[in-house]
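Breakdown of the fold
Listed below, chain by chain, are the residues.
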Amino acid sequence: MSELTLRAEKLDAADDLAPLRNRFVLDDVVYLDGNSLGALPAHVPDRVADVVRRQWGELRIRSWDESGWWTAPERIGDRIAPLVGAAAGQIVVSDSTSVNVFKALVAAVRMSHETRTEILVDATTFPTDGYIAESAARMTGRTLRAVTPAEVPAALSDRTAAVLLNHVDYRTGRLHDLPSLTASIHEAGALSVWDLCHSAGALEVGLDRHGVDLAVGCTYKYLNGGPGSPAYLYVRRDLQPRFDSPLPGWNSHTDPFGMSPSYTPAPGALRGRVGTPDILSMLALEAALEIWDDVSISAVRTKSLALTDFFLRCVRAYTEPGRVESVTPERHAERGSQIALRCPDAGEVMRRLISRGVVGDFRHPDVLRFGFTPLYVTFADTERAARILSEELA
Ligand SMILES: *Cc1c(COP(=O)(O)O)cnc(C)c1O
């Protein structure tokens with residue numbers, strides 16, 4: 001046994017989160033793609049079966065009340081809230097992240113003065129946010145400017161209406177400085193919209209503490225809600241009365257069953273709702289979130305950094321220098337929960353890795369992406385992934 005396999009054993013033995021792995025359905029692959037689709041918590045299938053067979057099959061329409069279907073978007077929002085540092089009553093679960101980016105960004109622009117004619121968007125963003133920002137700018141008559149998060153402070157002015165940023169770069173795993181960027185955006189009198197897809201469930205976000213205005217995120221990555229599970233929208237409490245949704249569906253009406261021809265928005269976070277919620281996905285997510293009842297985000301963050309540190313150490317020990325280059329920042333304060341390695345033949349290397357039971361993913365044009373979900377990835381997995389990677393790179 002090598003020094004690093006022994007080290008992995010020790011780290012796993014000392015890991016308080018290690019027992020959680022048994023609460024997930026995992027075979028003997030090393031699953032490092034939880035930043036794309038989280039693994040299935042073992043109790044979820046029975047819960048979904050109950051929702052289908054009993055709540056839908058037997059109670060039918062009664063379930064909107066009796067099974068709590070109608071209030072699920074706010075209830076589950078309150079369950080996500082502590083994971084992103086938000087007090088209750090500010091998060092609603094609905095639709096996809098893409099749709100919520102649209103709602104949040106248009107609503108932010110509508111809250112700004114008309115002399116604020118510019119929207120800034122993260123130039124390194126996950127593409128959907130950029131596409132939607134372009135459309136939101138066109139619809140609201142603003143111009144859109146793409147700048148990197150580092151360039152945001154210099155790009156801000158009294159013309160800036162809103163700034164849409166990713167908390168963690170999906171490609172490089174770089175963690176952006178949410179507290180200081182939000183403070184700069186506020187100093188310029190603009191509103192911040194943060195996309196938390198790659199941070200929620202992996203690290204502390206502190207939405208309330210840092211005065212974030214609006215935020216969105218998905219639930220199928222580090223929150224393990226299942227494929228296409230609904231996303232969430234955070235609207236800071238004091239902004240809720242001014243939240244003017246570009247998608248004012250009947251579900252956010254103050255009296256949805258009044259069936260009024262004119263729209264009067266409900267108070268609170270549920271203004272972010274649009275139409276009938278996707279109950280099967282939503283309740284699978286609610287069940288999946290129970291895993292977090294006994295887990296603190298700070299413990300998850302500590303383990304995440306230990307895993308990514310250990311992975312880099314193993315890759316450096318096993319791989320010929322210069323064969324891969326890490327594009328993930330070394331500094332903990334700038335690192336999310338993934339390691340991204342560049343090499344010219346990344347697509348082919350990842351294909352071979354997956355065939356050998358190490359599941360990461362490839363991002364165009366030359367990035368090998370390895371996501372570390374502290375709830376179920378072990379240090380032994382990490383060492384094995386680095387060892388098999390080095391064999392495939394040799
Ligand atoms: C995964 C991801 C999305 C996904 O959006 P969907 O609408 O769920 O497809 C959006 N933004 C970021 C930053 C992501 O990482």
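Report on the accompanying structure. Please read all numbers here as calculations on a predicted model, not as lab measurements. (Residues numbered from 1 in each chain as written. Predicted model: local features only at pLDDT ≥ 70, side-chain atom pairs only at ≥ 80, totals over all residues. Heavy atoms only, no water.)

1. Examining the sheet that holds strand E8 (residues 232-235)
In space, the 7 strands of this open sheet follow the order E2-E8-E7-E6-E5-E3-E4, with mixed pairing throughout. Where the open sheet ends on each side, the last strands, each with one partner, are strand E2 (91-93) and strand E4 (143-147). Pairwise comparison of adjacent strand axes, ignoring direction, gives a mean angle of 15° for this sheet. Across 4 bridges, the pairing between strand E7 (residues 214-217) and E8 is antiparallel. Along E8, the bridge assignment pairs Ala215 with Tyr234. (Pairing = 2+ DSSP bridges. Helix = DSSP H or I, 4+ residues; strand = E, 2+ residues; numbered from the N terminus. Axes fitted to C-alpha atoms, helices over the stretch in contact; angles between N-to-C directions.)

2. Quick word on the packing of aromatic side chains
One pass over the structure, following the stated rule, counts 11 aromatic pairs. Summarising the aromatic geometry, the rings of Tyr31 and Tyr376 are spaced 6.3 Å apart at their centres and angled 35° between planes, so their arrangement reads as tilted. You can see Tyr31 sitting in strand E1 (residues 30-31) and its partner Tyr376 sitting in the loop between strand E13 (367-371) and helix H12 (379-393), a full 345 residues away along the chain. The buried category is assigned to Tyr376, whose relative accessible area is 1%. Consider the rings of Trp70 and Phe257, whose centres lie 5.1 Å apart with planes at 55°: the pair is tilted. Of this pair, Trp70 sits in the loop between helix H3 (63-66) and helix H4 (72-80) while Phe257 is found in the loop between E8 and helix H9 (279-288), placing the two residues 187 residues apart along the sequence. By relative accessible area, Phe257 is classed as exposed at 54%. If you follow Lys221 out to its NZ or CZ, it ends over the ring of Phe126, 5.3 Å from the centre. Positioned above the aromatic ring of Trp70 is the side chain of Arg273, whose terminal nitrogen or guanidinium carbon lies 4.8 Å from the ring centre. (Phe/Tyr/Trp six-rings, centres within 6.5 Å; stacked < 30°, edge-to-face > 60°. Buried < 20%, exposed > 50% of the residue type's maximum accessible area, 1.4 Å probe, protein only. Lys NZ or Arg CZ within 6 Å of the ring centre and 35° of its normal.)

3. A word on a nonpolar patch on the surface
On the surface, a nonpolar cluster with roughly 270 Å² of combined accessible area is contributed by Val52, Trp56 and Leu280. With respect to the helices and strands, the residue Val52 is situated in helix H2 (residues 44-56). According to the relative accessible area criterion, Val52 is partly exposed, its value standing at 31%. (Patch = residues over 30% accessible without salt bridge, like charges linked within 9 Å, V, L, I, M, F, W, Y side chains within 5 Å. Areas by Shrake-Rupley, 256 points an atom, 1.4 Å probe, with all protein chains shown as cover. Salt bridge = Lys/Arg side-chain N within 4 Å of Asp/Glu carboxyl O.)

4. A look at the nonpolar core
Grouped together as the largest cluster of nonpolar side chains are 80 residues, with contacts concentrated most on Val84, Leu196, Trp292, Phe311, Phe370 and Leu389. Looking at this core element by element, the count peaks at 8 residues for helix H10 (residues 297-318). (Core = buried A, V, L, I, M, F, W, Y, C linked by side-chain atoms within 4.5 Å.)

5. Some words on H9
Among the 10 residues that make up H9, 8 are buried, leaving the element largely enclosed by the rest of the structure. Buried residues belonging to H9 abut H2, H3, H4 and E2. (Contact = heavy atoms within 4.5 Å.)

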